[in-house]
Amino acid sequence: MTDYGALKKKVDELACRAWDTPAIEARVKKLTEEGISRKTFDPVEMKANKARILDRVQLRAEEYNFIFKNCAQGTAMALLEEFGLGNMEIIKALTPFPGIGGTGEICGGITGSLIAFGLFFGSDNRMDYDAMNRTIQKAQKFMAYFEDAVGHLYCSDIIETVIIGKKLNPGESDEAMMAFAGQKGFEKCGLPPGAGARLAAEFMIDSMK
């Protein structure tokens, strides 16, 4: 059951947050110049530190969304950095993904997470259909959890009921984008990337053996 009261409280916190812009930009610059470092994991250690990891992933997704003004990129960046996946070209490829090309469709907190799922759960063997099916099943379960946590799957619905409180698609015009920014929409829209990245990271850690 979606807790809209808690979501409103989180949105208000994001709107008032003092963002450490220089530090976030420096982290992005370092990742851009040096790339995403590969990592190896001790499943026992990851599970023991899960709460701390989830907090960090959520915070970074919120921060990257604020800097990029792009929920799909912010979500994916936090997950790829944390789990040592992919490269910055993938982040570039997610440029048109907020609300699926700004149409108000599937939220970037979902699409950014699913990109990470493909890299983490998918197989290097393109004909490994079992791995593909397992990844799709995890994606479907993740999306159900996301909908329960945030209330909706679609960007337009999340903006209307959780972020702004009225219909406003920032992708439809320059005027709409300015109105969205004027109501601290980019700050508030850290909520779906934070929630999505946190849920996705939990799925990934829980799968480790």
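Placed above this text is the structure.
Presented here is a report on the structure given in the accompanying data block. (Residues numbered from 1 in each chain as written. Predicted model: local features only at pLDDT ≥ 70, side-chain atom pairs only at ≥ 80, totals over all residues. Heavy atoms only, no water.)

Looking at the nonpolar core
Where we set the bar: Throughout, nonpolar core names a set of buried Ala, Val, Leu, Ile, Met, Phe, Trp, Tyr and Cys residues whose side chains join them through atoms within 4.5 Å. Relative accessibility under 20% of the residue-type maximum defines a buried residue, over 50% an exposed one, and the middle range a partly exposed one, all with a 1.4 Å probe and only protein chains included. A run of DSSP states H or I qualifies as a helix once it reaches four residues; a run of E qualifies as a strand once it reaches two. Both are numbered from the N-terminal end. Contacts are assigned to residue pairs with any non-hydrogen atoms lying within 4.5 Å of each other.
Within the largest apolar cluster, 57 residues are counted, with the highest numbers of intra-cluster contacts made by Leu79, Phe83, Phe142, Phe146, Ile163 and Leu191. Here this core takes nine residues from helix α13 (residues 191-206), the largest share from any one element. The contacts of phenylalanine 146, once residues within four sequence positions are left out, are Cys107, Gly109, Ile110, Gly151, His152, Leu153, Ile158, Pro192, Gly196 and Leu199.

Brief notes about the packing of aromatic side chains
Note the cut-off: What counts as a ring pair is set by centres within 6.5 Å for rings of Phe, Tyr and Trp (its six-membered ring), and what kind of pair is set by the plane angle: stacked under 30 degrees, edge-to-face over 60, tilted for all other angles.
Tallying each qualifying case throughout the model produces twelve aromatic pairs. Geometrically, the ring pair formed by tyrosine 64 and phenylalanine 68 is stacked, given 5.9 Å between the ring centres and 15 degrees between the ring planes. In this pair, tyrosine 64 and phenylalanine 68 are both assigned in helix α4 (residues 50-68), four residues apart and thus about one turn of the helix distant. Using a relative accessible area of 0% as the deciding quantity, one classes tyrosine 64 as buried.

Considering the packing of helix α1 (residues 4-16) against helix α10 (residues 155-163)
Operational definition: For helices, the axis comes from a line fit to the C-alpha atoms of the stretch in contact; other axes are also lines fit to C-alpha atoms, and the angle between any two N-to-C directions lies between 0 and 180 degrees. Our angle categories are set so that under 35 degrees counts as roughly parallel, over 145 as roughly antiparallel, 65 to 115 as roughly perpendicular, and the remainder as oblique. Think of it as three bins: nonpolar holds Ala, Val, Leu, Ile, Met, Phe, Trp, Tyr, Cys and Pro, charged holds Asp, Glu, Lys and Arg, and polar takes everything else, Gly as well.
Direction vectors running N to C along α1 and α10 enclose 90 degrees, while the axes themselves pass 10 Å from each other. Looking at the two axes, α1 sits roughly perpendicular to α10. On the side of α1, the interface is formed by Tyr4, Leu7 and Val11, while α10 contributes Thr161, Val162 and Ile163. When its residues are assigned to classes, the contact of α1 with α10 shows five nonpolar, one polar and no charged.

Describing helix α9 (residues 129-150)
Where we set the bar: Between the first and last residue of a helix there are one fewer steps than residues, each counted as 1.5 Å, and that sum is the expected span.
Over its 22 residues, α9 extends 31 Å from the first C-alpha to the last, a length consistent with the 32 Å expected when each residue adds 1.5 Å. Residues of α9 that are buried in the fold lie against α1, α8 (108-121), α10 and α13. One or two steps after α9, the chain reaches glycine 151, where phi turns positive at roughly 100 degrees.

With respect to a nonpolar patch on the surface
So the rule is basically this: Every patch collects residues that have over 30% relative accessible area and no salt bridge, joining them within 9 Å if they carry like charges and within 5 Å if they are nonpolar side chains (Val, Leu, Ile, Met, Phe, Trp, Tyr). Computed with a 1.4 Å probe, the accessible areas rest on the Shrake-Rupley method; for each residue, only the protein chains presented here act as cover. The rule for a salt bridge is simple: a side-chain nitrogen of Lys or Arg has to be within 4 Å of a carboxyl oxygen of Asp or Glu.
Together, Met127, Tyr129, Met132 and Ile136 line one region of the surface with nonpolar side chains, adding up to about 420 Å² of accessible area. Along the chain, isoleucine 136 turns up in helix α9.

Quick word on the environment of glutamate 33
For glutamate 33, the location among the structural elements is in helix α2 (residues 21-34). With a relative accessible area of 57%, glutamate 33 lands in the exposed category.

With respect to α8
An α-helix turns once per 3.6 residues; consequently, residues spaced three or four apart project the same way. Taking 1.5 Å as the rise per residue, α8 with 14 residues should run 20 Å; its terminal C-alpha atoms sit 19 Å apart, in good agreement. Those residues of α8 lying buried are Gly108, Gly109, Ile110, Thr111, Gly112, Ser113, Ala116, Phe117 and Phe121. Close packing links the buried residues of α8 with α5 (71-83), α7 (99-102), α9 and α13.

Details of the side chain of asparagine 65
Assignment of secondary structure puts asparagine 65 in helix α4. Setting aside residues up to four positions removed in sequence, asparagine 65 forms contacts with Asn70, Cys71, Gly74, Phe186, Cys189, Gly190 and Pro193.

Spatial relationships are all this shows, so hold off on functional conclusions.
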